[in-house]
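Tertiary structure, described
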Amino acid sequence: MEDISHLKHTPLRALHLSLGARMVPFAGYEMPVQYPDGVMKEHLHTRNAAGLFDVSHMGQVIVRPKSGKIEDAALALEKLVPVDVLGLGEGRQRYAIFTNAEGGILDDLMIANRGDHLFLVVNAACKDADFEHLQKGLSDTCEVTMLEDRALIALQGPRAEAVLGELWADVSAMRFMDVAEADLHDVTCIISRSGYTGEDGFEISIPTASAADVTQRLLEHPDVKPIGLGARDSLRLEAGLCLYGNDIDTTTTPVEGAIEWAMQKARRAGGAREGGFPGAERILGQFADGATRRRVGLKPEGRAPVRGGANLFADTEGKTLVGKVTSGGFGPTVDGPVAMGYVDTTHTDNGTTVYAEVRGKYLPVAVAALPFVKQTYKR
Amino acid sequence: MLKFTDEHEWLKVEAGVATVGITEHAAGQLGDLVFVELPETGSTFAKGDTAATVESVKAASDVYCPLDGEIVEVNQAIVDDPSLVNSDPQGAAWFFKLKLADPNAADALLDEAAYKELVA
């Protein structure tokens, strides 16, 4: 067995162990990869009822403007992200990316406007670097604080709204990407209607001292089961959502990564605040002229899963390399293999057949529209 | 004669032919299987060669050939329904039958008590 004694723990570790979780190292944390039900059942339960995820390893960061004016924090942050932060209304959240000078992606994150400050959620593996990046870029105008005293959980699936409503908080008025404060079991939490599964659901930031208690009470609801990292990955893959480090990274631009939708008009060419973020020249250039490759959905035609790292060829002999799989596995809801990856822009049309190299064979894979499973966000 | 390897395969040897599968312990560790690839009948393998592949939702894993030999039969049932490996790994979900190059080679493998100690 791998020695995991050096790893950090989330406030919910004891709860995971009591539920029979199998713990693995992930981004420096000891995290539950699955519970006794297993990945398949956990995945399907999330799509059919409600799944509860511990995502406390992720970084929760507050950006508070020294002037007291939220516009100042928004404009400061816009120097690091190609996203319209100024136009983000109070109580709203938006997906964003940190870019580097080459137009690559340093991390992806969520930004919420909480009235007098911005609330950011960043990836666990990047959170220390992100924090430094934010301090360096924003410390003139903002106070940047990493919250060390809060857990983060996600409740995802068609029963999530009803479960929260039955237990404590009427969240039915919230729309996708709304953020609000609400009391769960007399604990003030920050709730956003968002997630990483393609399902309607909520992400809930809880003070550490109350995290296990609130989580345990949610798990007592018959519709709620704990879900590990294994199903988290298959759920997000079916939903067509990127995993930072696999599907997007410092070598991929937002245009190549097919996440142009994350860049609002205000930051594009001709917009009110065009450019002004790291890598703007390259990224806006690709907006105008296109890139040479693009992230696409990939649907293997047989039953064999095609995993991240597999090379993609135009032919069945492995002669003409046209791309690479970045994430792939089995989609329990699709009931078949699903993948995504990068292909040359000559091969991005839906239905184009490419061939994935798997154990010395070249398996046919169709370029397919993402997501594989219809998203059920409450817009 | 029932034997085991430290790579978590079981072998039932009858008249120089070993029926080979993966152990209950291995099936439990792998989780829900969604894909199985078996060798071709007539192919030969040395001990330790990758003879089959199993895939769960999360990952692919190799199944090694436990001894030198020739594949004389494979179990199409687990290709058609990989979940059989999870429900009956040491029974209906055998992988392949291996004609042993040396019929006595299995003697040196683990017996059931030794294997149980290994995974305890």
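Definitions and cut-offs
- Residues numbered from 1 in each chain as written.
- Chains lettered and ligands numbered in written order.
- Predicted model: local features only at pLDDT ≥ 70, side-chain atom pairs only at ≥ 80, totals over all residues.
- Heavy atoms only, no water.
- UniProt positions renumbered as here; feature names shortened; annotations may be inferred.
- Patch = residues over 30% accessible without salt bridge, like charges linked within 9 Å, V, L, I, M, F, W, Y side chains within 5 Å.
- Areas by Shrake-Rupley, 256 points an atom, 1.4 Å probe, with all protein chains shown as cover.
- Salt bridge = Lys/Arg side-chain N within 4 Å of Asp/Glu carboxyl O.
- Lys, Arg positive; Asp, Glu negative; His and termini not counted.
- Charge placed at Lys NZ, Arg CZ, Asp CG, Glu CD.
- Helix = DSSP H or I, 4+ residues; strand = E, 2+ residues; numbered from the N terminus.
- Pairing = 2+ DSSP bridges.
- Axes fitted to C-alpha atoms, helices over the stretch in contact; angles between N-to-C directions.
- Contact = heavy atoms within 4.5 Å.
- Parallel < 35°, antiparallel > 145°, perpendicular 65-115°, else oblique.
- Left-handed = near helix turned anticlockwise from the far one by under 90°.
- Nonpolar A, V, L, I, M, F, W, Y, C, P; charged D, E, K, R; others polar.
- Phe/Tyr/Trp six-rings, centres within 6.5 Å; stacked < 30°, edge-to-face > 60°.
- Buried < 20%, exposed > 50% of the residue type's maximum accessible area, 1.4 Å probe, protein only.
- Lys NZ or Arg CZ within 6 Å of the ring centre and 35° of its normal.

An unreviewed UniProt entry lists chain B under the name Glycine cleavage system H protein, from Ensifer oleiphilus. As recorded by UniProt, the Subunit (unreviewed entry) comment attached to chain B reads in full: "The glycine cleavage system is composed of four proteins: P, T, L and H." Checking UniProt for chain B, the heading Sequence similarities (unreviewed entry) contains the comment "Belongs to the GcvH family."

What follows concerns a negative patch on the surface. A cluster of like negative charges, contributed by Asp128(A), Glu132(A), Glu148(A) and Asp149(A), occupies part of the molecular surface. Within the secondary structure layout, Asp128(A) lies in helix 4 (residues 127–138).

This brings us to the sheet that holds strand 14 (residues 293–300) of chain A. Residues and elements named next belong to chain A. Around the barrel, which closes on itself, the 6 strands sit in the order 14-17-16-15-18-19 with antiparallel pairing between neighbours. Pairs of neighbouring strands in the sheet enclose a mean axial angle of 45°, with direction left out of account. Alignment of strand 14 against strand 17 (residues 336–344), held across 6 bridges, turns out to be antiparallel. Considered in strand 17, the bridge of valine 296 is made with glycine 341. Contacting strand 16 (321–331) and strand 17, helix 7 (residues 229–238) crosses the sheet at an angle of about 125° to strand 16.

Residue and element names in this part refer to chain A. It is the contact of helix 2 (residues 39–48) with helix 7, at a shortest axis distance of 8 Å, that shows an interaxial angle of 55°. Relative to helix 7, the element helix 2 lies oblique. Here helix 2 and helix 7 pass one another in a crossing that is right-handed. Note on element contacts: helix 7 touches helix 2 through Gly230, Ala231, Ser234, Leu235 and Glu238, opposite Val39, Glu42, His43, Thr46 and Arg47. A per-class count over the contact of helix 2 with helix 7 returns 3 nonpolar, 4 polar and 3 charged.

Right, let's get into the sheet that holds strand 9 (residues 150–156) of chain A. All names here are of chain A. Pairing within the open sheet is mixed, and its 6 strands lie in the order 10-11-12-9-3-13. Strands at the two margins of the open sheet, each flanked by one partner only, are strand 10 (179–184) and strand 13 (224–226). Put simply, the sheet's adjacent strands are angled 30° from each other on average, direction ignored. Pairing analysis gives 4 bridges linking strand 3 (residues 50–54) to strand 9, with the strands arranged antiparallel. Within strand 9, the residue paired with leucine 52 across the bridge is leucine 155. Contacts from helix 5 (residues 160–167) reach strand 3, strand 9, strand 10, strand 12 (201–207) and strand 13 within the one sheet, and its direction differs from that of strand 12 by about 40°.

A few words now on the packing of aromatic side chains. Under the criterion given, the structure shown has 4 aromatic pairs over all chains. Their ring planes at 5° and their centres at 4.1 Å tell us that Phe176(A) and Tyr377(A) sit as a pair that is stacked. Of the two residues, Phe176(A) is situated in the loop between helix 5 and strand 10 and Tyr377(A) in the segment after strand 19 (361–368); the sequence distance between them amounts to 201 residues. According to the relative accessible area criterion, Phe176(A) is buried, its value standing at 14%. The interplanar angle of 10° and the centroid separation of 4.8 Å between the aromatic rings of Phe4(B) and Tyr115(B) together place this pair among those described as stacked. Here Phe4(B) is found in strand 1 (residues 2–4), whereas its partner Tyr115(B) is found in helix 4 (residues 112–119), with 111 residues between them in sequence. For the pair formed by Phe4(B) and Tyr115(B), the shared burial category is buried. The ring of Tyr342(A) carries Arg293(A) above its face, with NZ or CZ at 4.8 Å from the centroid.

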